[in-house]
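One-letter residues, chain by chain:
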Amino acid sequence: MAISLTLPTIQNWSCHNCGGCCRQHAIEVTEEERQRILSQGWTANDGTPTGDALIERHAGPPWAKRYRLAHQADGACVFLNEQGLCRIHAKFGEAAKPLACRIYPYAFHPAGKQVTVSLRFSCPSVVANRGHSMKQNADEIKQLTRAVVPEGHERTPPPVLSKRQRVDWPDLLRVIDAIDATLAPANMPIGIKLQQTLFWLNLVEQSRFDKLSGTRLTEFLDIIRQAATEEIPLAQTAECPTPLTRMQFRLLTAQYARKDTAADLSAGWRGRWKLFRAATTFARGVGNAVPLQPIFREVPFDALDQPFGFPAESEELWTRYFRVKVQGLHFCGPAYYDVPLVEGFQNLALIFPATLWIARWLAASQNRTRLTHEDVSQALTISDHHHGYSPIFGSFGFRRRVSTLAQMGEIPNLIRWYAT
Ligand code: SF4
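Remember, predicted model here, so these are calculated numbers, not experimental data.

Novice: Would you mind showing me how to read the overall build of the protein here?
Specialist: Tallying secondary structure elements over the protein gives 17 helices and eight strands in all. Scaling as 2.2 N^0.38, a compact globule of 420 residues should have a C-alpha radius of gyration of about 22 Å, and the protein matches this with 22 Å. Dimensions along the principal axes, computed over C-alpha positions, put the protein at roughly 65 × 55 × 40 Å. The 420 residues of the protein split such that 51% are buried. Considering only residue pairs separated by 6 or more positions, the protein has 74% of its internal contacts joining residues 24 or more positions apart. Accessible surface computed for the protein: about 19300 Å², of which carbon and sulfur atoms make up 54%.

As structure tokens, this is what we get:
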């Protein structure tokens, strides 16, 4: 099967064997992968459990059981060794690993006749742009594409554009290109570019597209993009968000700041109680923020609403992040809980203030009051871990929270406030 790929050529990546992905993710395996791993003959001499203890059932009825790799006491995969390397890879080669491990940190999405490739910024090497160019990785990516993209992918319908409108693939990709063009200028602050995109996507949401297609749609997009550059001031001041906005934003950000390892998910009522207590304190927003993972310390909520600055070197990271997600269609449609493009971008834009809030929490946990680029980078590995992969983000409650903030017109102000 020949597949035409769109690669995120602005991004570099190679695996640096940090083992982080093997500590964070629960790896679901197919029945065929389960049988293959069980037949590999693992013994205590390999440093692993044996037999059925390698793989645990985690969901599904008796007639369609779902399995995942078992984990060690600290949440790491049973196959991760003391040096942070995969025992399956070391003993049987890369191709013997479960497909989920081989794909990470890539993500593949149908885009009409093409397939787009995006990356997950939960990987520190992706965030740091470390490694080979995507062109150098192209052969490996093509092999993975053949393994994950089903026959007939070109018949996948495009994501809905907005709640009321659907367009065909060529027109949807025109809108994607326009978003990417708005985000591209390297000399423009990312906060301004996000506000410009939100501004003109709001006009897209209010427009009718039944007679607007092809080059006429491109002309329309050019006009509203120009309007956005005139309407969004370059010199910006931020107003402190209202108490209602801050409560909605804290609850949204708490979801991004969580880390649900396999060990957390197995913690039973204690794990659920911990999350319930955290949700209560985040809703009230008084006193201290309860640490949602061990890297955070208790710090007063008020301290996190003081200006922490914005590191200039983080501009490149943010522009690359949003362009990779947009070019890779990694924010709407099948890649993101089937939400419409406009809603998906509103949600994507909210990752910016949410991540900066998490970065402030990391800095404050070390008694600092200014952000560093390292805080921002680490915070992005935390927030993007969930993007498109934690079911809660596609739930009615979470989507309603995003649409409430969008309807109140508060997303641009949150972007300004937390970039200060
Ligand atoms: S099987 Fe190997 S690559 Fe996959 S999570 Fe386990 S240690 Fe990591």
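Novice: Any chance you could explain the packing of aromatic side chains here in plain terms?
Specialist: The description of an aromatic ring pair uses the distance of the two centres, along with the angle that the planes make with each other. In total, this model carries 21 aromatic pairs according to the counting rule given. Between Phe 121 and Tyr 321, the ring centres sit 4.9 Å apart and the planes meet at 85 degrees, which makes this aromatic pair edge-to-face. Residue Phe 121 is found in the loop between β6 (114-119) and α5 (124-127), and its partner Tyr 321 is found in helix α13 (residues 314-327); the two are separated by 200 residues along the sequence. Classification of Phe 121 by relative accessible area gives buried; the value is 0%.

Novice: Just to check I follow, could you spell out the domain arrangement of the protein for this structure?
Specialist: By a widely used convention, the size of an interface equals the accessible area lost when the partners come together. Partitioning the protein into structural domains gives domain 1 (4-154) and domain 2 (158-420). The distance between the C-alpha centroids of domain 1 and domain 2 comes to 27 Å. The interface of domain 1 with domain 2 comprises 29 residues on the first partner and 27 residues on the second. Interface of domain 1 and domain 2: buried area, both sides summed, is about 2300 Å²; carbon and sulfur atoms make up 63% of it. Where domain 1 packs against domain 2, one counts zero salt bridges.

Novice: Can you walk me through the sheet that holds β6 in this structure?
Specialist: In sheet architecture, strand pairing relies on hydrogen bonds along the backbone and comes in two forms, parallel and antiparallel. The strand order across the open sheet built from three strands is β1-β6-β5, with neighbouring strands paired in mixed fashion. Each end of this open sheet is capped by a strand with a single partner; those strands are β1 (4-6) and β5 (106-111). Going from strand to strand, the sheet's axes swing by 30 degrees on average, the running direction of each strand aside. The pairing of β5 with β6 spans six bridges and is classified as antiparallel. Bridged to Pro 110 within β6 is Val 115.

Novice: I tried to follow the nonpolar core on my own but got confused; where do I start?
Specialist: Side chains of nonpolar character tend, in soluble globular proteins, to be buried together. In this structure, Tyr 106, Ile 179, Trp 200, Trp 318, Leu 341, Phe 345 and Trp 361 are the most contacted members of the largest nonpolar core, which totals 100 residues. It is helix α14 (residues 341-365) that contributes the most residues to this core, 17 residues altogether. Both domain 1 (4-154) and domain 2 (158-420) contribute no fewer than three residues apiece to this core. If near-sequence neighbours (up to four positions away) are discounted, Tyr 106 is found in contact with Trp 13, Val 117, Ser 118, Leu 119, Met 134, Asn 137, Glu 140, Ile 141 and Leu 144. Counting 15 residues, the second largest nonpolar core, distinct from the first, contains Val 29, Ile 37, Val 78 and Ile 88.

Novice: Sorry, what's going on with helix α10 (residues 243-257) here?
Specialist: For α10, spanning 15 residues, the distance from its first C-alpha to its last is 20 Å, which sits close to the expected 21 Å at 1.5 Å a residue. The buried fraction of α10 amounts to 12 of the 15 residues, a majority that puts the element mostly inside the structure. Every buried residue of α10 is listed here: Thr 245, Arg 246, Gln 248, Phe 249, Arg 250, Leu 251, Leu 252, Thr 253, Ala 254, Gln 255, Tyr 256 and Ala 257.

Definitions and cut-offs
Residues numbered from 1 in each chain as written. Predicted model: local features only at pLDDT ≥ 70, side-chain atom pairs only at ≥ 80, totals over all residues. Heavy atoms only, no water. Helix = DSSP H or I, 4+ residues; strand = E, 2+ residues; numbered from the N terminus. Rg over C-alpha atoms; globule rule 2.2 N^0.38 Å. Buried < 20%, exposed > 50% of the residue type's maximum accessible area, 1.4 Å probe, protein only. Contact = heavy atoms within 4.5 Å. Areas by Shrake-Rupley, 256 points an atom, 1.4 Å probe, with all protein chains shown as cover. Phe/Tyr/Trp six-rings, centres within 6.5 Å; stacked < 30°, edge-to-face > 60°. Domains from an automatic or database assignment. Buried area = accessible area lost by both parts, 1.4 Å probe. Salt bridge = Lys/Arg side-chain N within 4 Å of Asp/Glu carboxyl O. Pairing = 2+ DSSP bridges. Axes fitted to C-alpha atoms, helices over the stretch in contact; angles between N-to-C directions. Core = buried A, V, L, I, M, F, W, Y, C linked by side-chain atoms within 4.5 Å. Expected span 1.5 Å × (residues − 1).

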